[in-house]
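Tertiary structure, described
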Amino acid sequence: MPNRHARRTIAPMPRAAILATLGVALLALPFVLYAGAFGLAGLATDLSGETRFYTTPLPTALIFAHMTTGAVATLLAPFQLIERIRTRRPRVHRALGYVTLAAAAITGIAGLLYIALKGTIGGPLMSAGFALYGALLLIAAANTVYHALDKNRAAHRVWALRLTVLALGSFLYRLHYWVWYAATGGAGSTPDFTGPFDLFNFAGFYLPYLVILELVLRTERT
Ligand code: HEM
């Protein structure tokens, strides 16, 4: 029986946009390794005295679990965009899809619980920016899997692209700081995260990229 979404066409994402995303994913590899190794080390060993993230058991477990699964989500979400694997190895795409979505869900939930328990180093505004980030990641992950199961490929694709942008967001947060410090020496950024650049970056690592994605998708539709 034909599925009810079969008549919707799926325009190919502009190749340049996919290549740019995969390029950012490659740049993110060292951060992925750092986050994964730090997360596993925090879960497996006693890092008290070595990092401010090692505190009481629950927040400690949450933050290190979130780093570990965050590394998995950042690695796999862009990988799922590779068309050759999607079309030639659909089972691989499906299996890795579930791993990506589980990793994104744990990352988002653990991150949100950590914020609720401990807040963030930058205070309430940073906590709000990161909490919105976590909520959007969860919404994107839930919609990606829902539309995959519903066999609505057009909607699945759009949500998967949003999820990928969000999964790369954590790396983009750091990248913004590296580029900004290299270019300006850290103008507008303070150690207690109260400078204009810090305030911008509380949400500037994901919101502008989501807007750009929506503009690309709108161009595609028209
Ligand atoms: C998507 C993949 C993600 C990765 C790879 C990741 C990785 C990390 C890492 C490595 C740290 C430790 C800080 C550092 O050493 O730089 C960290 C901190 C943190 N992350 Fe994530 N993260 C991800 C997503 C998220 C999400 C979705 C949230 C929101 C719920 C979140 C909330 C936090 C918070 C609140 C901290 C502590 C901030 C602080 O007080 O310094 N992260 N993350």
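Just above, that's the structure.
Every value quoted in this text rests on a predicted model; they were computed, and no experiment measured them.

Helix and strand content of the protein chain: nine helices and zero strands. Here the C-alpha radius of gyration of the protein chain, 18 Å, is about what a compact globule of 222 residues would show, namely 17 Å. Over its C-alpha atoms, taken along the principal directions, the protein chain stretches across nearly 60 × 40 × 25 Å. For the protein chain, restricting intrachain contacts to residue pairs at least 6 apart in sequence, the fraction spanning at least 24 positions comes to 67%. When the accessible surface of the protein chain is split by element, carbon and sulfur atoms take 69% of a total near 12600 Å².

Here we come to the packing of helix 3 (residues 57–79) against helix 7 (residues 153–184). Running from N to C, helix 3 and helix 7 point in directions that differ by 145°, and their axes come no closer than 8 Å. The interaxial crossing formed by helix 3 with helix 7 has left-handed handedness. Residue-level inspection shows A73, T74, A77 and P78 of helix 3 in contact with helix 7, the latter providing T164, A167 and L168.

What follows is about the side chain of N201. In this structure, N201 sits in helix 8 (residues 196–204). Take N201: its relative accessible area is 0%, and that puts it in the buried class. A polar contact is formed between the side chain of N201 and the backbone oxygen of Y173, at a distance of 3.1 Å.

Calculation rules
Residues numbered from 1 in each chain as written. Predicted model: local features only at pLDDT ≥ 70, side-chain atom pairs only at ≥ 80, totals over all residues. Heavy atoms only, no water. Helix = DSSP H or I, 4+ residues; strand = E, 2+ residues; numbered from the N terminus. Rg over C-alpha atoms; globule rule 2.2 N^0.38 Å. Contact = heavy atoms within 4.5 Å. Areas by Shrake-Rupley, 256 points an atom, 1.4 Å probe, with all protein chains shown as cover. Axes fitted to C-alpha atoms, helices over the stretch in contact; angles between N-to-C directions. Left-handed = near helix turned anticlockwise from the far one by under 90°. Buried < 20%, exposed > 50% of the residue type's maximum accessible area, 1.4 Å probe, protein only. Polar contact = N/O pair within 3.5 Å; in protein donor to acceptor, adjacent residues only side chain to side chain.

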